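Here are the chains, one letter per residue:
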Amino acid sequence: MKISDFKIKEGSKFRLSETKTDSTGNLLSKEQADIPMAQNIIQLAHLQNKLYAQDKYGVIIIFQAMDTAGKDGVIKHVMTGLNPQSTHVHSFKQPSVEELNHDYLWRASQNLPERGHVGIFNRSYYEEVLVVKVHDLIKNEKLPQNLIKGDVWQKRYQQINAFEKYLYQNGYIILKFFLNISKEEQKNRLIERIDDKSKNWKFSAADIEERQYWDNYQKCYQQMIQSTSVKHAPWYVIPSDNKWFSRYLISEIILKTLSRLKLEYPSLNEEQLLSLAKYKEQLLNEQ
């Protein structure tokens, strides 16, 4: 399995309708992924420790998807070994009054991770070119009328690209995942939420309402990915009909990305090492 098969190259004219939602790469079953998945989680924890100690990079992981695609499950299972002290998960819900009184990237800026930390965005500022576009909510954003004329969405793609380039040039690693689920599989998962009492709380009538806009969302996702997948902040389109595979694949991508940073614990100079030896001797000689 090549990770590059799921990475959208800058300028690509890929068609979302032509991508497979049920692919499992070269794996035939969940059992084949269990051991390497567990190993990946352990390695991610080691790399996160080095990321935190080195204190140079910040990591932003973005998840976008249709409802029921498995964002929460990925965060729970893939990030399970990360140190919560340096990991922050933020869910982007309907903007508050305060957020609407600022530019649309303001709330993202407020939730950027510190250097050495991992920030996970469950949905993100990309909602501004998805749900806002599908439901024409831009008129609620208090913008001057002259600023929402013409191709406002193309302008937003450019603004987002500029924002992510700025972050990259300031030491942020940006990973963007679109969990690609089929409409049929979404239906099955919604029915499961109704049938399984332990999952009733997850069901929302809004999910049924949003299914009516499925084609519009698919079009918006395709345009968004085509316009904002760049070398320093690529989109990965993750087949998500099989939860076990999407989780494994995402763990592989994050692991390989962090491994390329060549993270190391800070090294001490000779004077600092001598000081450590002195302090150790002092401790050993305590009465």
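Use the structure listed above.
Residues numbered from 1 in each chain as written. Predicted model: local features only at pLDDT ≥ 70, side-chain atom pairs only at ≥ 80, totals over all residues. Heavy atoms only, no water.

**Student:** I'm lost on the packing of aromatic side chains in this one. Help?
**Tutor:** Across all of its chains, the model carries nine aromatic pairs by this definition. Among the aromatic residues, ring-to-ring pairing joins Tyr-125, Tyr-126, Phe-163 and Trp-235 into one connected group. If you follow Arg-156 out to its NZ or CZ, it ends over the ring of Tyr-104, 4.1 Å from the centre. (Phe/Tyr/Trp six-rings, centres within 6.5 Å; stacked < 30°, edge-to-face > 60°. Lys NZ or Arg CZ within 6 Å of the ring centre and 35° of its normal.)

**Student:** Would you mind showing me how to read the pattern of salt bridges here?
**Tutor:** Using the criterion set out here, one finds 13 salt bridges in the structure. For Arg-156, the salt bridge is made with Glu-141, and the minimal N-O distance between the two is 2.7 Å. Taken as a pair, Arg-156 in helix 6 (residues 152–168) and Glu-141 in the loop between helix 5 (131–134) and helix 6 lie far apart in primary sequence, 15 residues in all. You can call Glu-141 buried: its relative accessible area is 11%. Each of Asp-67, Arg-123 and Glu-127 takes part in a single network of salt bridges with overlapping partners. (Salt bridge = Lys/Arg side-chain N within 4 Å of Asp/Glu carboxyl O. Helix = DSSP H or I, 4+ residues; strand = E, 2+ residues; numbered from the N terminus. Buried < 20%, exposed > 50% of the residue type's maximum accessible area, 1.4 Å probe, protein only.)

**Student:** Could you clarify how one ought to interpret the side chain of Asn-180 in this entry?
**Tutor:** Structurally, Asn-180 can be placed in strand 5 (residues 172–180). When neighbours within four sequence positions are excluded, Asn-180 is seen to be in contact with Leu-16, Thr-19, Lys-20, Thr-21, Val-237, Ile-238, Pro-239, Ser-240 and Asp-241. (Contact = heavy atoms within 4.5 Å.)

**Student:** What exactly am I supposed to notice about the layout of surface pockets here?
**Tutor:** Where empty space is left becomes clear once a probe the size of a water molecule has been rolled over the atoms. Its boundaries defined by the atoms lining it, the largest pocket holds a volume of some 1,500 Å³. Around the largest pocket, the lining is made up of 42 residues, and of these Asp-67, Lys-71, Lys-93, Arg-123 and Asp-207 lie nearest the centre. Listing elements by their share of the lining of the largest pocket, those giving two or more residues are helix 2 (71–78), helix 5, helix 7 (183–195), helix 8 (205–211), helix 9 (214–228) and helix 10 (243–259). In terms of residues, the lining of the largest pocket owes the most to one element, helix 2, which gives five residues. The residue inventory of the lining of the largest pocket, partitioned by class, reads 14 nonpolar, nine polar and 19 charged. (1 Å grid on protein atoms, 1.4 Å probe; cavity = no way out; pocket = protein on both sides within 12 Å on 5 of 7 lines; lining within 4 Å. Points joined across faces, edges and corners; volume = space filled by probe spheres on them. Nonpolar A, V, L, I, M, F, W, Y, C, P; charged D, E, K, R; others polar.)

**Student:** In this structure, what is going on with the nonpolar core? I would like to understand it.
**Tutor:** Soluble globular proteins tend to pack their nonpolar side chains together in the buried interior. Counting residues in each nonpolar core, the largest one holds 77 residues, and the members touching the most others are Phe-63, Tyr-125, Tyr-126, Phe-177, Met-224 and Ile-254. By residue number, the principal contributor to this core is helix 10, which donates nine residues. Residue contacts for Ile-254: discarding those within four places in its chain leaves Leu-44, Ile-61, Val-78, Met-79, Leu-175 and Phe-177. (Core = buried A, V, L, I, M, F, W, Y, C linked by side-chain atoms within 4.5 Å.)

**Student:** What is the right way to look at the pairing of strand 6 (residues 235–239) in this model?
**Tutor:** On any regular strand, side chains alternate: one points to one face of the sheet, the next to the other face. Buried residues dominate strand 6, accounting for five of its five residues. Burial along strand 6 is two-sided: Trp-235, Val-237 and Pro-239 and Tyr-236 and Ile-238, pointing in opposite directions, are all buried. Bridge count between strand 1 (residues 7–8) and strand 6: two bridges; the pairing is antiparallel. The partner of Ile-8 across the bridge, within strand 6, is Trp-235. Of the strand pairs in this sheet, strand 5 and strand 6 are connected by five bridges, and their pairing is parallel. Bridging from a neighbouring strand, Lys-176 pairs with Trp-235 of strand 6. (Pairing = 2+ DSSP bridges.)

**Student:** Could you clarify how one ought to interpret unusual backbone geometry in this entry?
**Tutor:** Residues other than glycine predominantly adopt negative phi, and peptide bonds predominantly adopt the trans conformation. You will see that Asp-136, though not glycine, has its phi angle at about 50°, which is positive. Summarising the element assignment, Asp-136 is placed in the loop between helix 5 and helix 6. Of note in the backbone geometry, Lys-142 takes a positive phi value of approximately 60° without being a glycine. Along the polypeptide, Lys-142 turns up in the loop between helix 5 and helix 6. In this structure Lys-142 comes out as exposed when scored by relative accessible area, which is 54%.

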